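# What the coordinates show
The primary structure of each chain is shown beneath.
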Amino acid sequence: MIQQRERTLVLIKPDGVQRSLIGEIIRRYERTGLKLAALKFFIPSEELIEKQYSSHEGWLESTGRKSIAAYEKKGLRPPFNDAIQCGKAVLARLIKYLSSGPVVVMVWEGNQAVGVVRKVTGGTEPLTSDVGTIRGDLTVDSYDLADSGDRAVRNLIHASGSPAEAEKEIPIWFKKDEIVKYNIIQEKILYDVNLDGIKE
Ligand code: CDP
Ligand code: MG
């Protein structure tokens with residue numbers, strides 16, 4: 001039954017809050033059948049944001065590499081040739097973005113929670129995220145526009161990239177006793193092998 005309890009961290013970034021999309025975004029996760037296990041609303045400090053992204057070994061380098069590749073694809077020279085330096089530049093933009101106003105932080109739980117949330121959220125760049133996803137449907141930002149303003153891509157959501165990432169991220173935002181353990185009636189329909197109790 002381990003998969004049924006997989007957890008993931010989801011954060012509605014300041015642009016999502018400012019655009020009054022909190023309800024719309026939560027609705028999309030809620031109707032999947034995943035269970036809300038924790039929720040907070042506050043303005044995060046720069047330190048907290050740094051901790052969130054620095055908690056992943058290799059994140060600076062892999063993000064930097066992706067950023068260099070995006071510049072090169074456009075025929076542009078990246079600001080730094082070194083991937084870690086480029087990753088640090090992305091991190092500085094992210095810290096500014098995510099500490100600019102209140103955010104909603106949540107833990108969602110259920111079978112393959114990480115993958116389900118990523119699927120509903122959509123790819124990183126809203127311009128190319130699939131139609132039907134939160135990022136694809138609800139905003140229009142692109143790497144080009146973000147780079148031209150020396151800012152992070154405003155894509156409404158942070159969602160853990162893997163179960164290992166989620167395990168590291170959740171304790172950064174929530175104490176153990178802030179994660180609520182409870183049953184939700186629809187778990188019977190989602191997971192109960194016998195489906196009993198429906199017929200009169
Ligand atoms: O959020 P996601 O897991 O899809 O992407 P990421 O590669 O882990 O990057 C984290 C966040 O950094 C993104 O959601 C963007 O807001 C921002 N980012 C950016 O502004 N420019 C990049 N070249 C890469 C990421
Ligand atoms: Mg990520």
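The following refers to the structure shown. Remember, predicted model here, so these are calculated numbers, not experimental data.

## Things to note about the site of ligand 1
Around ligand 1 lies a shell of 13 residues, among which K66, R118, T124, V153 and N155 are the nearest. In this structure, an oxygen atom belonging to ligand 1 sits 3.0 Å away from a side-chain N or O atom of K13. Side-chain polar atom of K66 to an oxygen atom of ligand 1: 2.8 Å apart, as the coordinates give it. Calculation on ligand 1 without its partners gives an accessible area of 510 Å², and the protein chains cover 91% of this total. For the shell around ligand 1, the secondary-structure elements that each account for two or more residues are α4 (59–73) and α5 (83–98). Partitioned by chemical class, the residues of the shell around ligand 1 number seven nonpolar, two polar and four charged. Shared between two domains, the shell around ligand 1 takes at least three residues from each, and those domains are domain 1 (1–43 + 102–200) and domain 2 (46–100).

## Re the side chain of K35
Of note, K35 is situated in strand β2 (residues 35–42). Given the relative accessible area of 3%, K35 is considered buried. Engagement of the side chain of K35 in a polar contact is seen with the backbone oxygen of Y182, the distance being 2.5 Å.

## Some words on the side chain of S99
Looking at where S99 falls in the secondary structure, it is placed in the loop between α5 and β3 (103–109). Its relative accessible area of 19% is what places S99 among the buried residues. If we skip the residues at most four places from it in the chain, S99 touches I43, P44, S45, E46 and I49.

## Concerning the packing of α4 against α5
How two helices pack is summed up by the angle between their axes together with the distance between the axes. The interhelical angle for the contact between α4 and α5, taken along N-to-C directions, is 95°, at an axis separation of 7 Å. Classed by the angle they form, the pair α4 and α5 counts as roughly perpendicular. For the pair α4 and α5, contact is made by W59, L60, E61, T63, G64, R65, S67, I68 and Y71 and by A83, I84, C86, G87, K88, V90, L91, R93 and L94, respectively. The residue inventory of the contact of α4 with α5, partitioned by class, reads 10 nonpolar, four polar and four charged.

## Considering the sheet that holds strand β4 (residues 157–159)
With antiparallel pairing, the four strands of this open sheet are ordered in space as β2-β3-β1-β4. Taken across any chain shown, the strands that pair with only one partner, and hence form the sheet edges, are β2 and β4. Within the sheet, the average angular offset between the axes of one strand and its neighbour, ignoring direction, is 15°. Where β2 meets β3, seven bridges bridge the pair, whose relative direction is antiparallel. Along β3, the bridge assignment pairs L36 with W108. Taken strand by strand, helix α9 (residues 163–173) contacts β1 (7–12), β2, β3 and β4, and its axis lies near 55° from that of β1.

## Overview of the environment of S129
For S129, the position within the fold is in the loop between α6 (113–121) and α7 (134–138). Through-space distance from the C-alpha of S129 to that of K35 is 25 Å; in sequence the pair is 94 residues apart. Residues within four places of S129 in sequence aside, it is in contact with G122, G123, R135 and G136. In this structure the side chain of S129 is engaged in a polar contact, spanning 2.7 Å, whose partner is the backbone oxygen of G123.

## Points about the nonpolar core
Of all hydrophobic cores here, the largest spans 25 residues; its most connected members are L94, W173 and F174. Counting residues per element, the ones that place at least two in this core are β1, β2, α3 (46–54), α5, β3 and α9. Element by element, the count of residues in this core is highest for α5, at six residues. If you count residues domain by domain, this core takes at least three from each of domain 1 (1–43 + 102–200) and domain 2 (46–100). Not counting the four nearest positions on each side in its chain, L94 is found in contact with I49, Y53, W59 and A152. Core analysis: the next-biggest nonpolar cluster, separate from the first, contains 20 residues, I26, Y29, A113 and V120 among them.

Calculation criteria
- Residues numbered from 1 in each chain as written.
- Chains lettered and ligands numbered in written order.
- Predicted model: local features only at pLDDT ≥ 70, side-chain atom pairs only at ≥ 80, totals over all residues.
- Heavy atoms only, no water.
- Near = heavy atom within 4 Å.
- Polar contact = N/O pair within 3.5 Å; in protein donor to acceptor, adjacent residues only side chain to side chain.
- Areas by Shrake-Rupley, 256 points an atom, 1.4 Å probe, with all protein chains shown as cover.
- Helix = DSSP H or I, 4+ residues; strand = E, 2+ residues; numbered from the N terminus.
- Nonpolar A, V, L, I, M, F, W, Y, C, P; charged D, E, K, R; others polar.
- Domains from an automatic or database assignment.
- Buried < 20%, exposed > 50% of the residue type's maximum accessible area, 1.4 Å probe, protein only.
- Contact = heavy atoms within 4.5 Å.
- Axes fitted to C-alpha atoms, helices over the stretch in contact; angles between N-to-C directions.
- Parallel < 35°, antiparallel > 145°, perpendicular 65-115°, else oblique.
- Pairing = 2+ DSSP bridges.
- Core = buried A, V, L, I, M, F, W, Y, C linked by side-chain atoms within 4.5 Å.

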